[in-house]
Amino acid sequence: MSIFLAVIIFGVLVFIHEFGHFIIAKKNGVRVIEFSIGMGPTIFSFDKGDTKYSLKILPFGGACQMLSKEFPGEEDAVMDVEKSFESKSVWSRMAIIFAGPVFNFVLAFVVALIVVGIVGYDPAQVLGVAKGSPADKAGLQVGDIITEYDGTKVDIGRDIYLEEYIEGIDGDPIKIKYERDGKEYSTTLKPVYVEQYMMGLTYTPGDGKAVMLEVTEDGPLDVAGFKAGDYIAEIDGVAINSTDEFIEYITNNPITEETMHIVAYRGDEKIEADITPVIGITGYETGLVYNFNGYVKCSPLSVVKYSYVEVKQQIKLVFKSLKMLFTGELGINDFSGPVGIVDAIDTVYDGSKEDGTKSVVVNMLTFVILLSANLGVMNLLPIPGLDGGRLLFLIIEAIKGKPVKHEAYINMAGMLLLMLFAMYILFKDIISLF
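Keep in mind that what you see is a predicted model, and the values were worked out from it rather than measured.

Undergrad: What should I look at first to understand the side chain of Asn411 in this one?
TA: Tracing the backbone shows Asn411 in helix H11 (residues 407–433). With relative accessibility at 10%, the residue Asn411 sits in the buried group.

Undergrad: Looking at this structure, I do not really get the packing of aromatic side chains. What am I missing?
TA: A ring pair, where both rings are aromatic, is described by two values, the distance of the centres and the angle of the planes. Scanning the entire structure with this criterion turns up 18 aromatic pairs. Where Phe44 meets Phe46, the ring centres are 6.2 Å apart and the plane angle is 50°; that geometry is what we call tilted. Plain terms: the ring middles of Phe335 and Phe421 are 5.3 Å apart, the flat faces sit at 90° to each other, and that makes the pair edge-to-face. Of this pair, Phe335 sits in the loop between helix H7 (300–326) and helix H8 (338–352) while Phe421 is found in helix H11, placing the two residues 86 residues apart along the sequence. Aromatic ring contacts, followed pair by pair, group Phe15, Phe19, Phe22, Phe35, Phe44, Phe46, Tyr53 and Phe103 into a single cluster. The positively charged end of Arg180 is found above the aromatic ring belonging to Tyr185, 5.8 Å away from the centroid. One Lys or Arg, Arg390, reaches over the ring of Phe85 and ends 5.2 Å from the middle of that ring.

Undergrad: Explain the nonpolar core here, please?
TA: Note on soluble globular proteins: their nonpolar side chains tend to be buried together. Counting residues in each nonpolar core, the largest one holds 23 residues, and the members touching the most others are Ile9, Ile345 and Met364. Those elements that provide at least two residues to this core are helix H1 (2–27), helix H2 (90–119), H8 and helix H9 (357–379). Once residues within four sequence positions are removed from consideration, Ile9 is found in contact with Ile345, Met364, Val368 and Leu371. Listed in part, the 21 residues of the second largest apolar core include Tyr197, Leu201, Phe226 and Ile255.

Undergrad: How should a nonpolar patch on the surface be read in this particular structure?
TA: A cluster of nonpolar side chains, Met39, Ile43, Phe44, Phe46, Leu55, Ile57, Leu58, Met415 and Met419, forms an exposed patch at the surface whose accessible area comes to about 830 Å². Secondary structure elements with two or more residues in the nonpolar patch: strand S1 (32–48), strand S2 (51–66) and H11. Relative to the helices and strands, Ile43 resides in strand S1. The class for Ile43 is exposed, based on a relative accessible area of 53%.

Undergrad: Please explain the packing of H8 against H9 as it appears in this structure.
TA: Interhelical geometry of H8 versus H9 gives an angle of 155° and a closest axis separation of 9 Å. As summarised for this structure, H8 and H9 are arranged roughly antiparallel, according to the angle between their axes. Viewed along their axes, H8 and H9 form a crossing whose handedness is right-handed. Along its contact with H8, which presents Ile341, Ala344, Ile345, Val348, Tyr349 and Ser352, the element H9 presents Ser359, Val360, Asn363, Met364, Phe367 and Leu371. Grouping the constituent residues of the contact of H8 with H9 by class yields 9 nonpolar, 3 polar and no charged.

Undergrad: I tried to follow the side chain of Thr243 on my own but got confused; where do I start?
TA: Structurally, the position occupied by Thr243 is in helix H6 (residues 243–252). Among the polar contacts made by the side chain of Thr243, one reaches the main-chain carbonyl oxygen of Lys209 at a distance of 3.1 Å. With residues up to four places along the chain from it excluded, the contact list for Thr243 reads Tyr203, Thr204, Pro205, Gly206, Gly208, Lys209, Ala210 and Val211.

Undergrad: Looking at this structure, how should I read H8?
TA: What sets the pattern is the α-helix's 3.6 residues per turn: residues three or four places apart point alike. The first and last C-alpha atoms of H8 sit 21 Å apart over 15 residues, in line with the 21 Å expected at 1.5 Å per residue. Turning to H8, its buried residues are Gly340, Ile341, Val342, Ile345, Tyr349 and Ser352. Along its buried surface, H8 packs onto H1, H9 and H11.

Undergrad: In this structure, what is going on with unusual backbone geometry? I would like to understand it.
TA: With glycine set apart, most residues show a phi of negative sign, and most peptide bonds adopt trans. Of note, Asp150 is a non-glycine position whose phi angle comes to about 55°, a positive value. Structurally, Asp150 can be placed in the loop between strand S4 (145–149) and strand S5 (152–153). Owing to a relative accessible area of 46%, Asp150 belongs among the partly exposed residues under this scheme. Of note in the backbone geometry, His406 takes a positive phi value of approximately 60° without being a glycine. Here His406 lies in the loop between helix H10 (387–400) and H11.

Parameters at a glance
Residues numbered from 1 in each chain as written. Predicted model: local features only at pLDDT ≥ 70, side-chain atom pairs only at ≥ 80, totals over all residues. Heavy atoms only, no water. Helix = DSSP H or I, 4+ residues; strand = E, 2+ residues; numbered from the N terminus. Buried < 20%, exposed > 50% of the residue type's maximum accessible area, 1.4 Å probe, protein only. Phe/Tyr/Trp six-rings, centres within 6.5 Å; stacked < 30°, edge-to-face > 60°. Lys NZ or Arg CZ within 6 Å of the ring centre and 35° of its normal. Core = buried A, V, L, I, M, F, W, Y, C linked by side-chain atoms within 4.5 Å. Contact = heavy atoms within 4.5 Å. Patch = residues over 30% accessible without salt bridge, like charges linked within 9 Å, V, L, I, M, F, W, Y side chains within 5 Å. Areas by Shrake-Rupley, 256 points an atom, 1.4 Å probe, with all protein chains shown as cover. Salt bridge = Lys/Arg side-chain N within 4 Å of Asp/Glu carboxyl O. Axes fitted to C-alpha atoms, helices over the stretch in contact; angles between N-to-C directions. Parallel < 35°, antiparallel > 145°, perpendicular 65-115°, else oblique. Left-handed = near helix turned anticlockwise from the far one by under 90°. Nonpolar A, V, L, I, M, F, W, Y, C, P; charged D, E, K, R; others polar. Polar contact = N/O pair within 3.5 Å; in protein donor to acceptor, adjacent residues only side chain to side chain. Expected span 1.5 Å × (residues − 1).

Structure (structure tokens):
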């Protein structure tokens, strides 16, 4: 099923990207010799007009092969100079090249409309403030909506998470703007260095039972015999009726090295044990607990707004990842190709199917948003062989008034290097599966 879903997702992404090139090329009078989805040998094709439409055996990649004076393509392609790519104005050629990535951004937005329409958005709401913490001293309260975090505009909770994860938290003051009862306030909190103790579980905020989504292997809860799927009902004699109550409890009673008595249920079976938390994280802490994966429904107009926000957030994630690549925080082994993506889809599918078809559909569509935005950004990078590389040459041509010499061969060399890089990533992903 995961492979089937991956094939569908790849097919849609590539089709939309190449269709962008195709439709704008046709609008500008360029002959498209072949419009193909997939790579390798052709398994199905048909001719319509002066274009061959093909489906190829490997569901990765695709092409919109336009008539070119330098690379005519098929041997029987009649060279009609007026219909060649090079015969069009530099602005028309820019539009044709730019259309592929733009269509990926449009696809991401359309899919985001569906996802946000179904599940809503994740407001940047304060869920907890630890007593005596920097957030508490800064005056933040449960229910506040954060609108700006350290100079970055905040639309959704994941904006804060992205800033904390990518930029990190150090001892520098953090300026925060927030809304409370319809009024905007600003404050500054100064993170403090802490040694954070952990019970060894993950959970999702909400008013449902405090279910342990995952239990860390060899962590305190795991050692005591608790398992993923158990739900916490009591901590040190205090009743816990929901995940939100669990968050409130650990916010007001920060976890330390002191032993905790946990009562949980596995179905109807009661399980209780004493656990001793261990140090899990050391570093700077704000004492602020905010929402980044709890969703609320919104009005149709807000669906449009937060669909745009969703796409913007994914694009921002790509740029921040590229920044980490250039600063050395990420390396070549952090790249993934089709095999790695299929593996990720498999993980998401397995984690969603128990929650029903709706959960699977929403998570797969979210994956489409991420990949489509990623594909759009990566294709615009000014690297020979990519759309961005071709756009760079066209910009130079527009400035100089004449084409860059041997542009086609430079792009071909860039494409060859990209293919070699893709083969390396493919090999790495296959090895990592084992």
